[in-house]
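Each chain is listed here by its residues.
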Amino acid sequence: MEKKIGVYICTGCGIGDALEIDALAGVATDEYEAAVCRQNAFLCSREGVAEIKHDLENEGINTIVIAACSPRVMTDVFDFGVDKVCERVNLREQVVWSHPPNDEDTQMMAQDQLRMGITKAKEMQPAEPFMAEDLSRKILVVGGGLAGITAASEANKAGYEVVLVEKSDQLGGYLKEVHKLPPSRPPYEELQDFDLGAVTGQVTDQPAVKVYTNAQIAKISGAPCMFDVQIQQNGGVADERVGAIVLATGAIPYDAAKLEHLGFGKSADVITAAQLESMFKSGDVKRPSNGQPITGAAFILCAGSRDPKHLPYCSAACCVESLKQAKYFKQANPETPVYIFYKDLRAHGTYELLYKQLQKDGVIFVRGDVTGVEEDGSGGLVVSADDVLTGSPVMSESVDVVVLATGMVPTTALGKKFKVQEPKEGEEELAVPEDTIVVSNNLNLDYRQGPELPALKYGFPDSHFICFPYESRRTGIYPAGSVRAPMDYWRAVDDATGAALKAIQCVQMVSEGKAVHPRAGDLTYPEFFMQRCTQCKRCTEECPFGAINEDEKANPLPNPTRCRRCGVCMGACPERIISFKNYSVGMIGNAIKSIDVPDEYEEKPRILVLACENDAYPALDMSGIRRMSYNPWVRIVPVRCLGSMNLVWIADALSKGIDGILLLGCKHGDDYQCHFIKGSELANIRMSKIQETLNRLVLESERVRLEQISIADYSKLPEILDSFAAKLDEVGPNPYKGY
Amino acid sequence: MAQGQNGERSILVVGGGMSGLSAALEAAEAGFQVYLVEREPYLGGRVSRMNKYFPKLCPPNCGLEINFRRIRNNPLIRFFTMTEVEKIVGEAGNFDITLKSSPRYVNDKCTGCGACAEAATTHIANPFNYGLDTVKAAYLPHEFAFPMRYVLAPEVIGSEEAAAIKAACPYDAIDLDMQPSTFDLKVGAVIWATGWEPYDAGKIGYYGFGKHKNVISNVMMERLAAYNGPTNGRIVRLSDNRQAGRVAFVQCAGSRDENHLAYCSGVCCLASLKQATYLLEQNPEAQATIFYIDIRALGKYEDFFTKVQADERVTLIKGKAGEITEDSTTGMVTVQVEDQSSGKILKDQFDLVVLATGMVPASATDKVPAEAACDEHGFMLGEQPTGGIIGAGCVKKPVDVATSVQDATAAALKAIQATFRR
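What you see is a predicted model, and the numbers here were worked out from it, not measured in a lab.

1. So, the overall build of chain B
Next up, step 1: On a plain count of helices and strands, chain B comes out with nine helices and 22 strands.
Next up, step 2: For chain B, the C-alpha radius of gyration of 23 Å lies close to 22 Å, the compact-globule estimate for 422 residues.
Next up, step 3: Projected onto its principal axes, the C-alpha coordinates of chain B cover approximately 65 × 55 × 35 Å.
Next up, step 4: Burial status across chain B gives 57% buried among its 422 residues.
Next up, step 5: Within chain B, counting contacts between residues at least 6 apart in sequence, those at least 24 apart form 69% of the total.

What follows is the structure, encoded as structure tokens:
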């Protein structure tokens, strides 16, 4: 596309009062020979926008530079369609609202920001979406328990074809052994019946749902809308092509054999909650030791849960499940003594009313740590505990069974940790910390980075579990139910319904060539200039989403529909062969080089700020909205993610004479806030390699700094920016100025 | 009002908080036209007034920023602020909706420059900060406000000040003649996601909320701790603005109590643990005491409980707080509680008492204007008599942010399915 650039400078909101607009316009017309450069006192008005549109139609302008407010606002107003390039230069929030008016340094800042904007716009191209071939819109659901059946049925009800794969010979999962469900309806005090046949019938009677039982996923290769799935069944292999996947393989009860201290394995009458449930399901409720009726029971909650030696977490469902089972006994015979030993009774929400009902029913609740489960010599069992409420040891009366409420272990936690590859002799250890991936035989992804979803903790799949709980680290694969987090039946139903929507949405967006979360709708994707690839493998190792495979010669094999468009691969690539139509190493590098660096005698240092556009950049806007001020030496470049920072930018900036570089990224570590999971962490790792560049240029290491800030840290930004400027003042000017 | 191309295949989402935003975005990104209505002048709802989320202690505006960008970039979502639903008539696949907008007195020419606020002289109670401070009568609800557009308080309409405010706007964005307006939409499904209100702590007479200055609610604590709150994030005693040192958290204030809310709100335990970290972070000398019945830190939140509990400045006492009294000379407040582990009656003095009040579903007071089924607490039932009206988030159950998002995503699919029914 032949570029014809129009630059539009808004003089409203104080911009015209604070800056010499003609001098600013001179940058566009004289330095960059923009075809059109106009000023408008109210650019976002209908008239202002009409003027731009007029130029698009009559002057042949195809690249628009808006020098006005932050790109975070007026987005819809300055939308000129996907076939045009539009770049925003933030003069309002980040220049005139945060710096003194009619000041030489404020003016220079505005002019540099405009130079960078025009330089970028000159190189940006309209997006051409990646259109996959032979698309599938089918949804694969792995796991035929409550969550899996629900996901399959809900997707089917929305008109999608579904493939459901279940390991055992029957659908239903844990539900097959379940007698009744805890209450979901008012008055929330009674247990609910359910019809297993009706549940499984939601998928078995549907022509658009293909059910494979006795089946497992042998291999999944490909990418969203192009997943090729091999399903192993009865010794044969069936092939399916699907668009997106719901992982609903559930959880298993924690191994009670490890709970000898609670009497399991010592007495046949110490059983698990799952065993008791099966008894009620079959109607054969008897003491395992002698086949006699059960005339008294004690439940031990948190059996192996909330326990650093076993499962440190809470399984969220066992308290309510035990209340439900206590109710079975009380319903059968109100006189049956029932004890519940607990740490905290976690009957959240309206389950509280079931708890209250059981208190009325005469269940004896004992808050304390169980110290022993012993046979009492007369064939019964007694549970002893240190009662927290009375401060004294307490014992149950003799009971016939002791029920251990064991927690949930997600099926993704079962297996050995995957290791991509051991470093060969002489090779350096991987700089990038490996993800925790357990070879759990659920998905068997044919991905370079490992066969299953990366885990966060305890084997549960990694995600931004607060705001975006479904977004796993493998695009198009959505975990649901107790494999995602410990949860009860009703929540699993909702969870699976939501996951079905995410799968449908993925199929929809990918088929339009759009990115999914968090850059939902982005039409650009990374393109690889393979002739210059040196097979260094950094892109394949660093992609937080496992989007890039490798051939046997270590050439990257990108999968654009797996890509989240963060640009981490672009930042990682030492050969700079990865670029987006509107974001590339060269483009940002040239923007940096367009900064006017005064010589050292002018005592005007320059600081390059690379700011994460999701958090640090809005935080800088907030400083402006609050009219906080910081030094005018900074030149701000938004980046898709700090992980897209390429080290060559640092070299470009330093050899240009820029005195310091500040990288503003999100918090990393266990409670990371990076929307691309590892971007800011990877940038931090790359920082260690900056030392080589600095040594080569004989420059001080203080010139480059990375700060982790959140979107809410805007109150700290002026201090961060000013203390960095002070540090650079100490270090002295960059000797490369003027070269 | 302009119609989407397929009225019947479009979805109305009522409530622009975490649930409503999520439902709207998830449906729109699946290819459906969505109308999102919000009563407040900005989107984001209750979470935009939170300082941090448990357990990561990360700022809500981080996720909201992503969600607002998703809205800005998605032509399938149209949203209306200061708008409420007046009437819903019809059935799944075919609803006629009447919406009513209150006047903002600021039109879409507003650039957010703030000249109106400079011209305003009247101060009104700041609704964003639960009235803990005041704001000019021409105001931006908060700096992250989306849309970034000012609001004129109705209090000044008709005054000379209003005329001065109008004159101060260079963009002709102040419209003092703006009137309430009603308009109609045709949609195929309705997601009701109006969220929750904090339980009125004033109803628990013996806690003295509203009487003792240094007894506050947990939602007020969020504002005190937030940099964009009334104290720039300093946790102070409201009686004298002195930094709070000894702070008590009274759990289940009105919850799990048949005289108030019989149910458990599920989030208040974690909220108080989180608020204890706010206090200790800004004042290393501070002490947090939490009076509780059970600490309900479900699932992986257990780790957060373990972490906070390990701080020796945090004391957990099992017992439901009784009366709270005030020393009017010092402003100190005394909490009386029976410590269930010792059986003793404890009395302890604090600078500040935070009542962990529970959630009341907004559907209990502002009812769905159609045939809709709720339980006695006001929570919407999963099965509704009018197919195609779907509850999401805290109108269905008292839940945390993550569960609201999950539930809203599920509701989006239910709504999509309902648009097929004709």
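Let us keep going from here.
2. Here we look at the overall build of chain A
Next up, step 1: When you go through chain A residue by residue, the secondary structure sums to 18 helices and 34 strands.
Next up, step 2: Each of the three principal axes of chain A carries a C-alpha extent, and together these read 100 × 60 × 60 Å.
Next up, step 3: Counting across all 739 residues of chain A, residues that qualify as buried make up 56%.
Next up, step 4: Across chain A, contacts joining residues at least 24 apart in sequence account for 70% of those joining residues at least 6 apart.

3. Details of the interface of chain B and chain A
Interfaces are often sized by the amount of accessible area the parts lose when they come together.
Next up, step 1: Taken together, the contact pairs 63 residues of chain B with 67 residues of chain A.
Next up, step 2: Of all the elements in the fold, those that place two or more residues in the side of chain B that touches chain A are helix 1 (18–29), helix 2 (60–72), helix 7 (302–309) and helix 9 (401–420) of chain B.
Next up, step 3: If one sorts the elements of the side of chain B that touches chain A by residue count, helix 9 of chain B sits on top with twelve residues.
Next up, step 4: When the residues that make up the side of chain B that touches chain A are grouped by side-chain class, the tally is 27 nonpolar, 16 polar and 20 charged.

4. Some remarks on the domain arrangement of chain A
Next up, step 1: Here chain A is partitioned into domain 1 (1–128), domain 2 (139–251 + 436–511), domain 3 (255–406) and domain 4 (527–571).
Next up, step 2: Taken over C-alpha atoms, the centre of domain 1 of chain A sits 48 Å from the centre of domain 2 of chain A.

5. Points about the sheet that holds strand 1 (residues 11–14) of chain B
Residues and elements named next belong to chain B.
Next up, step 1: Strand order across the open sheet formed by five strands is 3-2-1-11-22, with parallel pairing between neighbours. Here the strands that pair on one side only, and so sit at the sheet edges, are strand 3 (77–80) and strand 22 (389–391). Strand-to-strand, the axes of this sheet are offset by a mean angle of 20°, without reference to chain direction.
Next up, step 2: Bridging between strand 2 (residues 34–37) and strand 3 involves four bridges; their strand directions are parallel. Paired with V37 across the bridge in strand 3 is F80.

6. Focus on the nonpolar core
Next up, step 1: Of all hydrophobic cores here, the largest spans 393 residues; its most connected members are I139, V246, I300, F341, L404 and A503 of chain A together with I191 of chain B.
Next up, step 2: Considering each element in turn, this core owes the most residues, 14 residues, to helix 11 (residues 489–511) of chain A.
Next up, step 3: For V246 of chain A, the residues in contact, after removing those within four places along its chain, are I139, V141, A151, Y478, A480, A499, A500 and A503 of chain A.

7. As for the domain arrangement of chain B
Residues and elements named next belong to chain B.
Next up, step 1: When the domains of chain B are assigned, the result is domain 1 (7–102 + 180–197 + 360–420), domain 2 (115–168) and domain 3 (200–357).
Next up, step 2: For domain 1 versus domain 2, the separation of C-alpha centres amounts to 27 Å.
Next up, step 3: Among the residues making up the side of domain 1 that touches domain 2, the classes are represented as five nonpolar, four polar and one charged.

8. Quick notes on the environment of E702 of chain A
Residue and element names in this part refer to chain A.
Next up, step 1: Within the element layout of this structure, E702 appears in the loop between helix 17 (679–697) and strand 34 (704–708).
Next up, step 2: Given 13 C-beta atoms within a 10 Å radius, E702 is considered partly exposed.
Next up, step 3: Considered as a pair, E702 and Q107 are 595 residues apart in the sequence and their alpha carbons are 28 Å apart.

9. Some points on the packing of helix 11 of chain A against helix 9 of chain B
Next up, step 1: One way to put it is that helix 11 of chain A packs onto helix 9 of chain B with a least axis distance of 7 Å and a crossing angle of 65°. For the crossing formed where helix 11 of chain A meets helix 9 of chain B, the hand is left-handed. Here D494, D495, T497, G498, A500, L501 and K502 of chain A of helix 11 of chain A lie close against helix 9 of chain B, whose contacting residues are Q406, D407, T409, A410, A412, L413 and K414 of chain B.
Next up, step 2: Per-class residue counts for the contact of helix 11 of chain A with helix 9 of chain B are five nonpolar, four polar and five charged.

10. Here we look at the sheet that holds strand 9 (residues 227–233) of chain A
Residues and elements named next belong to chain A.
Next up, step 1: On the basis of which strands lie adjacent, the open sheet formed by three strands has the order 8-9-10 and antiparallel pairing. A single partner strand is all that each edge strand has here, and the edge strands are strand 8 (215–221) and strand 10 (236–242). In this sheet, neighbouring strand axes are inclined to one another by 25° on average, regardless of whether the strands run parallel or antiparallel.
Next up, step 2: Pairing of strand 8 with strand 9, which is carried by six bridges, proceeds in the antiparallel orientation. Opposite A215, over in strand 9, you have Q233 as the bridge partner.

11. Brief notes about the environment of A616 of chain A
All names here are of chain A.
Next up, step 1: By the secondary structure assignment, A616 is in helix 15 (residues 616–625).
Next up, step 2: On the basis of neighbour counts, which here come to 31 C-beta atoms within 10 Å, the residue A616 falls in the buried class.
Next up, step 3: Sequence separation of A616 and R473 is 143 residues, and the distance between their C-alpha atoms is 23 Å.
Next up, step 4: Apart from residues lying up to four places away in sequence, A616 is in contact with A611, L664, G665 and I709.

12. Regarding the environment of K689 of chain A
Next up, step 1: Mapped onto the elements, K689 of chain A comes out in helix 17.
Next up, step 2: Each C-alpha atom of the pair K689 of chain A and A41 of chain A lies 47 Å from the other, and the pair is 648 residues apart in sequence.

13. Overview of the pairing of strand 18 (residues 333–338) of chain B
All names here are of chain B.
Next up, step 1: Burial along strand 18 is one-sided: V333, V335 and V337 are buried, and none of T334, Q336 and E338, which face the opposite way, are.
Next up, step 2: The pairing of strand 17 (residues 321–326) with strand 18 spans four bridges and is classified as antiparallel. Across the sheet, residue T325 finds its bridge partner in strand 18, namely T334.
Next up, step 3: Hairpin connection between strand 17 and strand 18: a loop of six residues separates the two successive antiparallel strands, and G331 in this loop has a positive phi of roughly 80°.
Next up, step 4: The pairing of strand 18 with strand 19 (residues 345–350) spans six bridges and is antiparallel. Considered in strand 19, the bridge of T334 is made with Q349.
Next up, step 5: Between strand 18 and strand 19, which pair antiparallel and follow one another directly, the connecting turn spans six residues, one of which, G343, has a positive phi of 80°.

14. Here's the deal with helix 15 of chain A
Next up, step 1: Of all the ten residues making up helix 15 of chain A, ten are buried; the element is thus mostly covered by neighbouring parts of the structure.
Next up, step 2: Here the buried face of helix 15 of chain A lies against helix 4 (92–96), strand 31 (607–612), strand 32 (634–639), strand 33 (660–665) and helix 18 (717–731) of chain A together with helix 2 of chain B.

15. As for the packing of helix 6 (residues 146–157) of chain A against helix 11 of chain A
Think of two packed helices as two axes; the pair is described by the angle between the axes and how far apart they sit.
Residue and element names in this part refer to chain A.
Next up, step 1: Packing of helix 6 against helix 11 leaves a shortest axis separation of 8 Å and a crossing angle of 45°. The orientation of helix 6 relative to helix 11 falls into the category oblique. Relative to helix 11, the crossing made by helix 6 is right-handed. Every residue of helix 11 that contacts helix 6 at L146, A147, T150, A151, E154 and A155 is listed here: Y489, A492, V493, D495, A496, T497, A499, A500, A503 and I504.
Next up, step 2: Across the contact of helix 6 with helix 11, the residue classes break down as twelve nonpolar, two polar and two charged.

16. As for unusual backbone geometry
Residues and elements named next belong to chain A.
Next up, step 1: Here the amide bond leading from P186 into P187 is cis, since omega sits at 5°, within 30 degrees of zero.
Next up, step 2: With respect to the helices and strands, the residue P187 is situated in the loop between strand 6 (162–165) and helix 7 (196–204).
Next up, step 3: Cis geometry marks the peptide bond from H517 to P518; its omega dihedral reads 0°.
Next up, step 4: Phi angles above zero are rare outside glycine, and N441 is one such case at about 60°.

17. What to know about the confidence of the model for chain B
All names here are of chain B.
Next up, step 1: Summarising the model, chain B shows a mean pLDDT of 96, and 98% of its residues fall at 70 or more.
Next up, step 2: Confidence drops under a pLDDT of 50 for residues 1–5, and excluding neighbours within four residues, the segment shows six contacts in the predicted structure.
Next up, step 3: The ipTM assigned to the predicted complex is 0.96, against a pTM of 0.97.

Analysis parameters
Residues numbered from 1 in each chain as written. Chains lettered and ligands numbered in written order. Predicted model: local features only at pLDDT ≥ 70, side-chain atom pairs only at ≥ 80, totals over all residues. Helix = DSSP H or I, 4+ residues; strand = E, 2+ residues; numbered from the N terminus. Rg over C-alpha atoms; globule rule 2.2 N^0.38 Å. Buried ≥ 20, exposed ≤ 12 C-beta atoms within 10 Å, placed from the backbone. Contact = placed C-beta atoms within 7 Å. Nonpolar A, V, L, I, M, F, W, Y, C, P; charged D, E, K, R; others polar. Domains from an automatic or database assignment. Pairing = 2+ DSSP bridges. Axes fitted to C-alpha atoms, helices over the stretch in contact; angles between N-to-C directions. Core = buried A, V, L, I, M, F, W, Y, C linked by C-beta atoms within 7 Å. Left-handed = near helix turned anticlockwise from the far one by under 90°. Parallel < 35°, antiparallel > 145°, perpendicular 65-115°, else oblique. pLDDT = per-residue confidence, 0-100.

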